[in-house]
Amino acid sequence: MIYSFHPDAEAELNASVDYYEECKTDLGLEFAHEVYKTIQRIIEFPNAWPKLDGDIRRCLINRFPFSVIYYQKDDKIIILAVMQLQRKPNYWKLRKI
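As the structure is a prediction and not an experimental result, all values here were calculated from the model. (Residues numbered from 1 in each chain as written. Predicted model: local features only at pLDDT ≥ 70, side-chain atom pairs only at ≥ 80, totals over all residues. Heavy atoms only, no water.)

Asks: Got a minute to help me understand the overall build of the chain in this structure?
Replies: Helix and strand content of the chain: 2 helices and 5 strands. For 97 residues, the compact-globule estimate of 2.2 N^0.38 gives 13 Å, and the chain sits close to it at 13 Å. Dimensions of the chain, computed from the C-alpha atoms along their principal axes, are close to 40 × 25 × 20 Å. The 97 residues of the chain split such that 42% are buried. The contacts of the chain with a sequence gap of at least 6 include a subset with a gap of at least 24, amounting to 45%. Accessible area for the chain stands at about 6,000 Å²; split by element, carbon and sulfur atoms hold 52% of it. The positive charge centre, built from 14 side chains, and the negative charge centre, built from 14, are 7 Å apart in the chain. (Helix = DSSP H or I, 4+ residues; strand = E, 2+ residues; numbered from the N terminus. Rg over C-alpha atoms; globule rule 2.2 N^0.38 Å. Buried < 20%, exposed > 50% of the residue type's maximum accessible area, 1.4 Å probe, protein only. Contact = heavy atoms within 4.5 Å. Areas by Shrake-Rupley, 256 points an atom, 1.4 Å probe, with all protein chains shown as cover. Lys, Arg positive; Asp, Glu negative; His and termini not counted. Charge placed at Lys NZ, Arg CZ, Asp CG, Glu CD.)

Asks: Explain the sheet that holds strand 3 (residues 56–60) to me, please; I cannot follow it from the model alone.
Replies: Hydrogen bonds along the backbone pair up the strands of a sheet, which may run parallel or antiparallel. An order of 1-5-4-3-2 is seen for the 5 strands of this open sheet, with the pairing classed as mixed. Edge positions in the sheet fall to strand 1 (2–5) and strand 2 (51–53), since each has one partner strand and no second. Ignoring which end each strand starts from, the neighbouring axes of this sheet average 35° apart. By the bridge criterion, 4 bridges tie strand 1 to strand 5 (residues 76–84) in an arrangement that is parallel. (Pairing = 2+ DSSP bridges. Axes fitted to C-alpha atoms, helices over the stretch in contact; angles between N-to-C directions.)

Asks: Help me out: how do you make sense of the pairing of strand 5 in this one?
Replies: Note on strand geometry: in a regular strand, side chains alternate between the two faces of the sheet. The buried count for strand 5 comes to 7 of 9 residues, which makes it a mostly enclosed element. As judged from the 8 bridges shared by strand 4 (residues 66–73) and strand 5, these two strands associate in the antiparallel manner. Bridging across to strand 5, Phe-66 finds its partner in Gln-84.

Asks: Looking at this structure, how should I read a negative patch on the surface?
Replies: A contiguous patch of negative charge on the surface is contributed by Asp-18, Glu-21, Glu-22 and Asp-26. Along the polypeptide, Glu-22 turns up in helix 1 (residues 7–23). Residue classification places Glu-22 among the exposed residues on the basis of a relative accessible area of 71%. (Patch = residues over 30% accessible without salt bridge, like charges linked within 9 Å, V, L, I, M, F, W, Y side chains within 5 Å. Salt bridge = Lys/Arg side-chain N within 4 Å of Asp/Glu carboxyl O.)

Listed below in structure tokens is the structure:
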């Protein structure tokens with residue numbers, strides 16, 4: 001199975017990596033590693049996490065207060081958001097699917 005990022009989700013990921021890297025050297029790299037480990041879990045078990053809205057699901061990221069918001073379309077995982085958990089919970093709903 002393959003995956004792709006919504007452009008806004010990719011921007012969120014990059015901004016978060018930059019933020020953590022500014023906080024501490026290599027912390028941004030550690031964050032990116034945890035995000036990609038989460039994506040691998042999603043690919044392996046796409047239906048394992050709870051639905052938020054319709055077919056859209058949320059998988060928590062280890063070690064960091066973030067989650068990956070995604071849905072499956074055929075054999076592809078579409079990542080709608082790399083969401084900081086203290087942010088407005090439904091902001092990603094405005095993104096085109």
